[in-house]
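Each chain, written out:
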2 protein chains.
Amino acid sequence: MARAATTSDVFNAIAEPQRREILVLLRAGERPVTELAGELGMTQPQASKHLRVLREVGLVRDRKAGRQRLYGLDARGLRPVHEWTGGFERFWNESLGRLDAYVQDLKQTRRET
Amino acid sequence: MARAATTSDVFNAIAEPQRREILVLLRAGERPVTELAGELGMTQPQASKHLRVLREVGLVRDRKAGRQRLYGLDARGLRPVHEWTGGFERFWNESLGRLDAYVQDLKQTRRET
DNA sequence: AAATGGTATGCCTATATAGGCATGCGTCAA
DNA sequence: TTGACGCATGCCTATATAGGCATACCATTT
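Going by what an unreviewed UniProt entry lists, chain A is known as Transcriptional regulator and is assigned to Actinophytocola xanthii.

Here's what the structure looks like:
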């Protein structure tokens, strides 16, 4: 099997560097495809494809504006990722030494069971 | 081209659901491969492979303990992900309405340039 | 209606997995 | 030393991209 489909999974969608860059650019406001492609140095089809993935996972919304299509950020989907990683915060805050001690302790406890 | 290699990129490493589950389990302390595989309902080779990826991106450390090899969490690599998503916090905190207004505004400004 | 600008898609290729299995290896116990 | 146990790997397959190109689509402007 290959990796899970990027669509339907925000974690996979943001695994692509260029897609992350697109999201960053969109923080400044809506933009048409061509402009995004230009700023990121990618072809228009490339940009459209990445935007499609982002749209399918809900990180981006599109709106027709005359002849162009403006893409806008909808970052709500990033919240779960932020919260998931946040669940590990105490682990990177503790010094590695204390972390080791902590782990050792748990290991002991578990082994004794 | 295929997606970038999972190794050398934390974002890709945690794009895999099972790898995320492994990390969660490791919050409780070090564990041998077999135990992880058992709790997650995957085969031992599968677990070893996922652990290898996690080790290569630095999210996990391994330590030989007699006949077994204990894997432990090293969440420091998750911090960048947490911070990156954190950069979008104000966007999911604002009501969608205000977000729209904000974006509209920026768009106007940009168009006028 | 015809021409043009702005996008979305289809098609083809190379590549990187994720799984399933069998098996090689190193370590500890008898 | 011989087994048994715990893991790591190698090999093979099916699948999902990411890129590059050409092109079909749609709305707007002459």
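J.: Describe the protein's contact with DNA strand C, listing the residues and the values that go with them.
T.: Close to DNA strand C lie 29 residues; Met-1, Thr-34, Ser-48 and Tyr-71 of chain A together with Lys-49 of chain B are nearest. Here Ser-48 of chain A contributes a side-chain N or O atom positioned 2.4 Å from a phosphate oxygen of DNA strand C. When residues of the surface near DNA strand C are traced back to their parent elements, those giving at least two are helix 3 (33-40), helix 4 (44-56) and strand 3 (68-73) of chain A together with helix 2 (17-26) and helix 4 (44-56) of chain B. With 5 residues, helix 4 of chain A is the largest single contributor of residues to the surface near DNA strand C.

J.: With reference to specific residues and values, describe the pairing of strand 3 (residues 68-73) of chain B.
T.: Residues and elements named next belong to chain B. Note that strand 1 (residues 31-32) and strand 3 share 2 bridges and pair antiparallel. If you follow Pro-32 over to strand 3, its bridge partner there is Leu-70. Two elements, strand 2 (residues 60-65) and strand 3, share 6 bridges in a ladder whose sense is antiparallel. Within strand 3, the position partnered with Val-60 by the bridge is Leu-73.

J.: Give me the lowdown on the sheet that holds strand 2 of chain B, citing residues and values where you can.
T.: Residue and element names in this part refer to chain B. With antiparallel pairing, 3 strands are arranged side by side in an open sheet as 1-3-2. The open sheet has two edge strands with one neighbour each: strand 1 and strand 2. The strands that helix 2 touches are strand 1, strand 2 and strand 3; relative to strand 3, the one it contacts most, it runs at about 90°.

J.: An account of the protein's contact with DNA strand D is requested, with residue identities and associated values reported.
T.: The local shell around DNA strand D holds 28 residues, among which Gln-46 and Lys-49 of chain A together with Met-1, Thr-34 and Ser-48 of chain B are the closest. For DNA strand D, the backbone makes up 59% of the atoms found within 4 Å of the protein, where backbone means sugar plus phosphate. A distance of 3.4 Å separates a phosphate oxygen of DNA strand D from a polar backbone atom of Val-33 of chain B. One of the side-chain N or O atoms of Arg-67 of chain B is found 3.4 Å from a sugar or linking oxygen in DNA strand D. Elements that contribute at least two residues to the surface near DNA strand D include exactly helix 2 (17-26) and helix 4 of chain A together with helix 3 (33-40), helix 4 and strand 3 of chain B. Examining the composition of the surface near DNA strand D, we find that 5 residues originate from one element, helix 4 of chain B, more than from any other. The residue makeup of the surface near DNA strand D, split by class, is 10 nonpolar, 8 polar and 10 charged.

Rules used in this analysis
Residues numbered from 1 in each chain as written. Chains lettered and ligands numbered in written order. Predicted model: local features only at pLDDT ≥ 70, side-chain atom pairs only at ≥ 80, totals over all residues. Heavy atoms only, no water. Near = heavy atom within 4 Å. Polar contact = N/O pair within 3.5 Å; in protein donor to acceptor, adjacent residues only side chain to side chain. Helix = DSSP H or I, 4+ residues; strand = E, 2+ residues; numbered from the N terminus. Pairing = 2+ DSSP bridges. Contact = heavy atoms within 4.5 Å. Axes fitted to C-alpha atoms, helices over the stretch in contact; angles between N-to-C directions. Nonpolar A, V, L, I, M, F, W, Y, C, P; charged D, E, K, R; others polar.

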